[in-house]
Amino acid sequence: MHLNLKNLFPETENLDILKHQQVTRLDLLNALNYLIKEINTSKKEEQPKKWLKSSEVKSLLRISPGTLQNLRINGTLTYTKIGGIIFYSYEEILKVMEQNKVNRNTNE
């Protein structure tokens, strides 16, 4: 994230003056508000990828390569193979997770 001093201190015309000034509480509040706005904006822009590679799925679900292979073989997780690379749909993973949700009152 690149911080623009003009956005942090809009009331300051000459940014060189900032080097010789004390920081006030108002300055700190302006900087904090700006940072919060930047963080919230960057969070909104982050969207999950539509297609995930095997390593990403293993990390996401915290499963071993063998478990991922079993989920493929038994048809639990559908996949697309292009060349030697296997891709999984993020939406499909979410759907499988919802379908396999266990109710607290049922015995496993």
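For the structure itself, look to the data block above.
Report on the accompanying structure. In every chain, residue numbers begin from 1 and rise along the written sequence. In keeping with the model being predicted, local features are shown solely for residues with a pLDDT of at least 70 and side-chain atom pairs are shown and tallied solely at 80 or more, while totals for entire chains, interfaces and linings include all residues. The side-chain values count all of the structure's non-hydrogen atoms but skip hydrogen atoms and water molecules.

Regarding a nonpolar patch on the surface
For clarity, the cut-off: For patches, a residue must show more than 30% relative accessible area and have no salt bridge; joins then use 9 Å for like charges and 5 Å for nonpolar side chains, namely Val, Leu, Ile, Met, Phe, Trp and Tyr. Every accessible area reported is derived by Shrake-Rupley at a probe size of 1.4 Å, with residue values counting cover from the shown protein chains alone. One speaks of a salt bridge when a side-chain nitrogen belonging to Lys or Arg is within 4 Å of a carboxyl oxygen belonging to Asp or Glu. We count a stretch as a helix when DSSP gives it H or I for four or more residues in a row; a strand needs E for two or more, and each element gets its number in order from the N terminus.
Judged by side-chain polarity, L29, L32 and I36 come together as a nonpolar surface patch covering roughly 270 Å² of accessible area. Here L29 shows up in helix α2 (residues 25-45).

Here's the deal with the side chain of S89
As a reminder, the rule being used: Residue contacts are defined here by distance: any two heavy atoms, one from each residue, within 4.5 Å place the two residues in contact.
Among the secondary structure elements, S89 is positioned in strand β3 (residues 85-89). Not counting the four nearest positions on each side in its chain, S89 is found in contact with K50 and W51.

A word on the sheet that holds strand β2 (residues 80-82)
Selection rule: Think of it this way: DSSP has to see at least two bridges between two strands before they count as a pair. Only the stretch in contact is used when a helix axis is fitted, and all axes are lines through C-alpha atoms; the angle between N-to-C directions ranges over 0 to 180 degrees.
Spatial ordering of the open sheet is given by β1-β3-β2, a layout of 3 strands whose pairing is antiparallel. A single partner strand is all that each edge strand has here, and the edge strands are β1 (51-53) and β2. Looking at each pair of strands side by side, their axes are set apart by 35 degrees on average, direction ignored. Relative to β3, β1 runs antiparallel, the two sharing 3 bridges. Paired with L52 across the two strands is Y88, which belongs to β3. Strands β1 and β3 of the sheet are contacted by helix α3 (residues 54-61), whose axis makes an angle of about 90 degrees with β1.

Considering the pattern of salt bridges
Which entries qualify depends on this criterion: Categorising residues by exposure relies on relative accessible area from a 1.4 Å probe, with only protein chains included: less than 20% of the type maximum marks a residue as buried, more than 50% marks it as exposed, and the intermediate range marks it as partly exposed.
With the rule as written, the count across this model stands at 3 salt bridges. When the shortest N-O distance is used, the salt bridge between E56 and K49 registers 2.5 Å. A relative accessible area of 45% places K49 in the partly exposed class. Between K101 and E98 there is a salt bridge; the shortest N-O distance is 3.1 Å.

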